[in-house]
Protein chains: 2
Amino acid sequence: MRSLVLIGHGSHLNPDSARAVYHYAELLRGQGFFDEVLEGYWKEEPSLRQVLRTARYTDVTVIPMFISEGYFTETVIPREMGLGHQGPVPPEGVVRQIGGVTVRYTLPYGVHPSMSEVIMQRALEACPDASPEDTALLIIGHGTTRNPNSSRVVYHNADRIRASGRFREVAALFLDEDPRVNTWPELLSSRRVVMIPFFTAEGWHTQETIPEDLGLTGAVTEFGERTVYYGLPVGTHPQIADVIVQLAQDALAQSPMPGEDNPDHEEAWAAFMTRADAGLRLGEATITPHAGLYEVRPTLDEGREDLELLATPEGLRDRVRLSDSGEYRPVHTLRNLPRGWRAVFDAADLRRAIGYLYPAVVEEGYLASQRALQATPWASTARRQTGIYTKVQQATPEEVAATSRRVCGGCLKTRLWAGDNLYRTFFDGVPGGIPCAEACTFLVSEIRETVAARQQQERELQTA
Amino acid sequence: MRSLVLIGHGSHLNPDSARAVYHYAELLRGQGFFDEVLEGYWKEEPSLRQVLRTARYTDVTVIPMFISEGYFTETVIPREMGLGHQGPVPPEGVVRQIGGVTVRYTLPYGVHPSMSEVIMQRALEACPDASPEDTALLIIGHGTTRNPNSSRVVYHNADRIRASGRFREVAALFLDEDPRVNTWPELLSSRRVVMIPFFTAEGWHTQETIPEDLGLTGAVTEFGERTVYYGLPVGTHPQIADVIVQLAQDALAQSPMPGEDNPDHEEAWAAFMTRADAGLRLGEATITPHAGLYEVRPTLDEGREDLELLATPEGLRDRVRLSDSGEYRPVHTLRNLPRGWRAVFDAADLRRAIGYLYPAVVEEGYLASQRALQATPWASTARRQTGIYTKVQQATPEEVAATSRRVCGGCLKTRLWAGDNLYRTFFDGVPGGIPCAEACTFLVSEIRETVAARQQQERELQTA
Ligand code: SF4
Ligand code: SF4
């Protein structure tokens, strides 16, 4: 038995950021190569810190859903997941034994050789009569001075497509590193140029930065004698699904021995199902057994009859994505579960549904009820941060306390990381008894804002 | 049996705004002249629209806790309370029969003749050796061009104190109407001048506007030959309590026949107590009967043992005033009831405690459960507004809907005023089934902000 974990970036602000990962997870579930397909996120839940806890089996494959190697795949993900690895990932991936579980961490999907095929598809969509006579292909990468590996994949694809002879010229240029994208008129001499953004999805860069930097006015822009065709980002091409399936199959081939049920994980869920069979309040929801099925609904809606009926874990996931005020809920334990629905599941679906409703809460709640959940104090969380988040190391204890009061005050969880006591969990009949083992990335990012605002003020005072 | 209702302004922003009214209500409860003492607020709950519903008896005396007559006492309060009266209130008050209840609306406490005594006390505190030889008294009123009656009380007090012969000169000057406060040096000729602000409490006007306008540097300021003594506002003097007791007694004398239990009100509470005797979920709280007493606690804290024990309705009122994030809760049905407490009451205290926890919710919830709660559509609410709130009449339906989604989405109540359906209330087993009969003043004020922001933008576009 094997678990597959797809890792996405996610967002604290954009409720649609995880859509692509959802989509590929569902697709792979349908394919059935793996016995379960899970998701983990940098900025959503389950977090990178929690996601391995949510895996059912002792053989876990982790695929980063990123388009290139770089800061996230080489630094953030392995660090947060506790893989004891930093830096470039070898082609066969990184394999680790963590608490009796074999974890196999692969390269990101974007480095798969078949991405060249996807780029060519995008180019032909943009310019169906592209020809080796007069058409150049320009692949536009993000690039970053932070990590040289992130541009390598763009060059590889350019090389492969150049070798195919399908275009008169093929070049790779970047937004944030040299050679820059605005050098294309000198670099290329073809009359027609097809430009394909090597990005995961449409966004600020593909819709604002690139068109503005290059003066593109739409899908086709004339520059005197020359014509530029601007294509869609590669990451949203339907064929990406095949790349990911391919990657999953390659990873499977790396896993000679199937895993088994992870006993710790099964113990937690067995205990949970025992509670569910008796009827259980969990956070703001109530679970009621009914003729072999389980009904989940907001506790506030108990006894209410005019409720929307949901029948799939995904339906529940999407229904609770926004609060009734329309706010996005990147932290699922914020006390703003929308009302007006009930969901009915069999035992297998209940498990997945609760994983969507309150990610990693069953696993961590059970550990806490056994006094076995390790808390990570704020100081360690702060010390571990890199990139823009190192700033939180400069937060005063007062700033951490005040920001946490504001943010965590609206969250169901009890902050073990701040020394708060949780004597009884929902396993022991306290609906709101849910542990928080470590400051979540949402709080970390709010604390960063607090420090940044204070430093901004200090600078203004100095110059005043 | 008689009910007394104290009316305060209250605030959407300042959690301490209602403290003074709390204080006087408790004092009058202790005195026992009235069989119950209730509170109602313009900007808090129970609102002026709801407060008569919360009265237990058919004889209700309403005292506005304002320092002068004016816009609030003559326009806002009678209109919102549905007294069918506008304009000056005669000395004996306004008496109305409303649905079998006798409602007696009095003048504000500040117009009571004994306020002159309080002003003199304040003057002697500020300048103990004030003398008819060389000391002038200046009473500083707010004044407003909106309502000439608001300054009358200041002149009356000046006249009464002048007649007492205790000061060489006595004058009344105003912040917002003529004669203005900065004309005092010409108006008065005495060597020493005691200035007493005729205000309810310390605040922006007494601590900022007045000292700044007059160049006062503290309790004593020298202006060449002359000395100014700046005293404390009259409204916070301990003797105000006596004024209010006096006012309540005068009102009582106006009430020859005691009232009885209001049958509608009693029916609602009897139904509620029947539910409480069986155990009841109400909003985010759970009420559990226990050996003749009742325990109230947040539903999320069910089964939790490390809870702060509260034993008085006032203790509960103060404990739920802020959310766990530290936000003030002017609307008590916002879904941010703080956790970490349990309260134990006898039946009589439970009634008052629930009145503090969820003001007017039992009365309105019962009516809704009987399909007898009259909803007021937004259009009527908007049309009724005066003063700065007339602006909401310019809100588009989209602005009302969007602002209400944001605000009401975080509130337990179901908006009958917006046409939302409430099929079952907490009387029928739905904890979150609480009606909202009419847009609350908090929402009205948020909608005003929405319109003001849009109009500001439009102006900027025009001048751009
Ligand atoms: S850090 Fe605060 S907001 Fe984040 S999960 Fe923990 S308690 Fe909730
Ligand atoms: S208007 Fe909205 S926020 Fe105000 S009480 Fe009604 S539902 Fe709640």
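Residues numbered from 1 in each chain as written. Chains lettered and ligands numbered in written order. Predicted model: local features only at pLDDT ≥ 70, side-chain atom pairs only at ≥ 80, totals over all residues. Heavy atoms only, no water.

Here we come to the overall build of chain A. Each helix and strand counted, chain A has 14 helices and 17 strands in total. The C-alpha atoms of chain A give 24 Å as radius of gyration, which agrees with the globular expectation for 464 residues (23 Å, within 12%). By residue count, 58% of the 464 residues in chain A fall in the buried class. Looking at chain A alone, contacts between residues at least 24 apart form 72% of all its contacts between residues at least 6 apart. Taken as a whole, chain A presents about 19000 Å² of accessible surface, with 52% of it coming from carbon and sulfur. (Helix = DSSP H or I, 4+ residues; strand = E, 2+ residues; numbered from the N terminus. Rg over C-alpha atoms; globule rule 2.2 N^0.38 Å. Buried < 20%, exposed > 50% of the residue type's maximum accessible area, 1.4 Å probe, protein only. Contact = heavy atoms within 4.5 Å. Areas by Shrake-Rupley, 256 points an atom, 1.4 Å probe, with all protein chains shown as cover.)

In this section: the site of ligand 1. All names here are of chain A. Residues in contact with ligand 1, as listed here, are Val407, Cys408, Cys411, Lys413, Arg415, Trp417, Cys436, Ala439, Cys440 and Leu443. If you list the elements that add at least two residues to the shell around ligand 1, you get helix H13 (397-408) and strand S16 (413-415). Residues of the shell around ligand 1, tallied by class, amount to eight nonpolar, no polar and two charged. (Near = heavy atom within 4 Å. Nonpolar A, V, L, I, M, F, W, Y, C, P; charged D, E, K, R; others polar.)

Let us now look at the environment of Glu295 of chain A. All names here are of chain A. Relative to the helices and strands, Glu295 resides in strand S13 (residues 293-298). Remark: the alpha-carbon pair of Glu295 and Ser47, spanning 248 residues in sequence, is separated by 27 Å. Residue contacts for Glu295: discarding those within four places in its chain leaves Thr286, Ile287, Thr288, Arg342, Ala343 and Val344. Of the polar contacts made by the side chain of Glu295, one reaches the side chain of Arg297; its length is 2.9 Å. (Polar contact = N/O pair within 3.5 Å; in protein donor to acceptor, adjacent residues only side chain to side chain.)

This next bit is on the interface of chain A and chain B. Chain A puts 34 residues into the contact, and the matching count from chain B is 34 residues. Taking both partners together, chain A and chain B bury about 2500 Å²; carbon and sulfur atoms supply 43% of that area. Applying the counting criterion to the chain A and chain B interface returns six salt bridges. A salt bridge links Glu302 of chain B to Arg281 of chain A; its shortest N-O distance comes to 3.7 Å. Linking chain A with chain B are 20 residue pairs in polar contact (both at pLDDT 80 or more), by the criterion used here. Of the residues contributing to the side of chain A that touches chain B, the split by class is eight nonpolar, twelve polar and 14 charged. (Buried area = accessible area lost by both parts, 1.4 Å probe. Salt bridge = Lys/Arg side-chain N within 4 Å of Asp/Glu carboxyl O.)

Okay, the relation of the copies chain A and chain B next. For the pair chain A and chain B, the superposition axis carries a translation of 0.2 Å, the fit reaches an RMSD of 0.2 Å, and the rotation angle comes to 179°. Here the transformation between the copies is reduced to the relation of a two-fold axis. Within chain A, the C-alpha atom positioned nearest to the axis of rotation is that of Arg335 of chain A, 3.8 Å from it. Most of the interface of chain A is mirrored in chain B, where 100% of its interface residues again form contacts. (Least-squares fit on C-alpha atoms with pLDDT ≥ 70 in both.)

Our focus in this paragraph is the UniProt feature "domain: DR2241 4Fe-4S iron-sulfur cluster binding" (unreviewed entry) in chain A. Annotation from UniProt places "domain: DR2241 4Fe-4S iron-sulfur cluster binding" (unreviewed entry) at residues 372-449 of chain A. Here residues 372-449 of chain A runs as 36% helix and 8% strand, with 33 Å between its end C-alpha atoms. (UniProt positions renumbered as here; feature names shortened; annotations may be inferred.)

Within this structure's numbering, the places UniProt gives as "domain: DR2241 stabilising" (unreviewed entry) are residues 265-367 of chain A. Segment residues 265-367 of chain A splits into 38% helix and 22% strand. End C-alpha atoms: 10 Å apart.

In this section: the site of ligand 2. Residues and elements named next belong to chain B. Close to ligand 2 lie Val407, Cys408, Cys411, Lys413, Arg415, Trp417, Cys436, Ala439, Cys440 and Leu443, which account for all nearby residues. Listing elements by their share of the shell around ligand 2, those giving two or more residues are helix H13 (397-408) and strand S16 (413-415). For the shell around ligand 2, the class distribution of residues is eight nonpolar, no polar and two charged.

All names here are of chain A. Mapped onto the elements, Arg448 comes out in helix H14 (residues 441-463). Sequence-wise, Arg448 and Ala395 are 53 residues apart; in three dimensions their C-alpha atoms are separated by 7.8 Å. Beyond its immediate chain neighbours, meaning those up to four positions away, Arg448 contacts Ile388, Tyr389, Lys391 and Val392.

Think of interface size as the accessible area that goes away when the parts come together; that is how it is often given. Residues and elements named next belong to chain A. By the assigned domains, chain A splits into domain 1 (3-111 + 239-261), domain 2 (115-236), domain 3 (264-359) and domain 4 (376-463). When each unit is reduced to the centre of its C-alpha atoms, the spacing between domain 1 and domain 2 is 28 Å. Between domain 1 and domain 2, the contact holds 14 residues from the first and 16 residues from the second. When domain 1 packs against domain 2, the two sides together hide about 1300 Å² of surface, and 57% of this comes from carbon and sulfur. Together, Ile67, Glu69 and Gln239 form the three largest contributors to the area buried by domain 1 at its contact with domain 2, with a combined 39%. (Domains from an automatic or database assignment.)

Each aromatic ring pair is summarised here by two numbers: the centre-to-centre distance and the angle between the ring planes. Enumeration over the complete set of coordinates arrives at 20 aromatic pairs over all chains. Look at Phe66 of chain B and Phe72 of chain B: their rings are 5.5 Å apart centre to centre, the planes differ by 25°, and that puts the pair in the stacked class. The same class applies to Phe66 of chain B as to Phe72 of chain B, namely buried. The rings of Trp42, Phe66, Tyr71, Phe72 and Tyr389 of chain A are connected pair by pair, giving a single aromatic cluster. Looking at Arg317 of chain A, its charged tip hangs above the ring of Tyr356 of chain A, at a distance of 5.2 Å from the centre. Its guanidinium or amino end placed over the ring of Tyr22 of chain B, Arg317 of chain B lies 3.5 Å from that ring's centre, counting from NZ or CZ. (Phe/Tyr/Trp six-rings, centres within 6.5 Å; stacked < 30°, edge-to-face > 60°. Lys NZ or Arg CZ within 6 Å of the ring centre and 35° of its normal.)

What follows covers helix H11 (residues 361-369) of chain B. All names here are of chain B. The element H11 is extensively covered by neighbouring structure, given that eight of its nine residues are classed as buried. Buried within H11 are the following residues: Val361, Val362, Glu363, Glu364, Gly365, Tyr366, Ala368 and Ser369. In this fold, the buried residues of H11 make contact with helix H8 (263-278), strand S11 (280-282), helix H10 (347-357), S16 and strand S17 (434-436). At the C-terminal side of H11, Arg371 shows a positive phi close to 55°.

The next thing to look at is the sheet that holds strand S9 (residues 220-223) of chain A. All names here are of chain A. Strands sit in the order S7-S6-S8-S10-S9 across an open sheet of five strands; the sheet is mixed. With partners counted over all chains shown, the strands left at the sheet margins are strand S7 (169-174) and S9, one partner each. Across the sheet, the mean angle from the axis of one strand to that of its neighbour is 25°, orientation sign disregarded. Sheet topology places strand S8 (residues 192-197) next to strand S10 (residues 226-230); four bridges connect them, and they run parallel. Its bridge partner being in S10, Val194 is matched across the sheet by Tyr229. Strand contacts of helix H3 (residues 115-126): strand S6 (135-141), S8 and S10, with the helix running at about 130° to S8, the strand carrying the most contacts. (Pairing = 2+ DSSP bridges. Axes fitted to C-alpha atoms, helices over the stretch in contact; angles between N-to-C directions.)

All names here are of chain B. Here H13 contains twelve residues, and its C-alpha end-to-end distance of 15 Å stays within 8% of the 16 Å for a straight helix at 1.5 Å per residue. Taken together, the buried positions of H13 are Glu399, Val400, Thr403, Ser404, Val407 and Cys408. Taken down its axis, H13 places every buried residue within 125° of arc, on the same side. The inward-facing, buried residues of H13 abut helix H12 (378-384), S16 and helix H14 (441-463). (Expected span 1.5 Å × (residues − 1). Arc of directions from axis to C-beta.)

Attention now goes to the pattern of salt bridges. Counting across every chain of the model gives 78 salt bridges over all chains. Here Arg304 of chain B and Asp301 of chain B are joined by a salt bridge, their closest N and O atoms 3.0 Å apart. Relative accessible area serves as the criterion here: at 1%, Asp301 of chain B is assigned to the buried category. Connected through salt bridges with shared partners, the residues Asp16, Arg19, Glu26, Arg317 and Asp318 of chain A form a single ionic network.

This part takes up the sheet that holds strand S14 (residues 308-310) of chain A. All names here are of chain A. Spatial ordering of the open sheet is given by S11-S12-S13-S15-S14, a layout of five strands whose pairing is mixed. Edge positions in the open sheet fall to strand S11 (280-282) and S14, since each of these has one partner strand only. Taken over all neighbouring pairs, the strand axes of this sheet differ in orientation by 25° on average, direction set aside. Inspection of the sheet shows S14 paired to strand S15 (residues 341-345) by three bridges, in the parallel sense. By the bridge assignment for S15, Glu308 is matched with Trp341.

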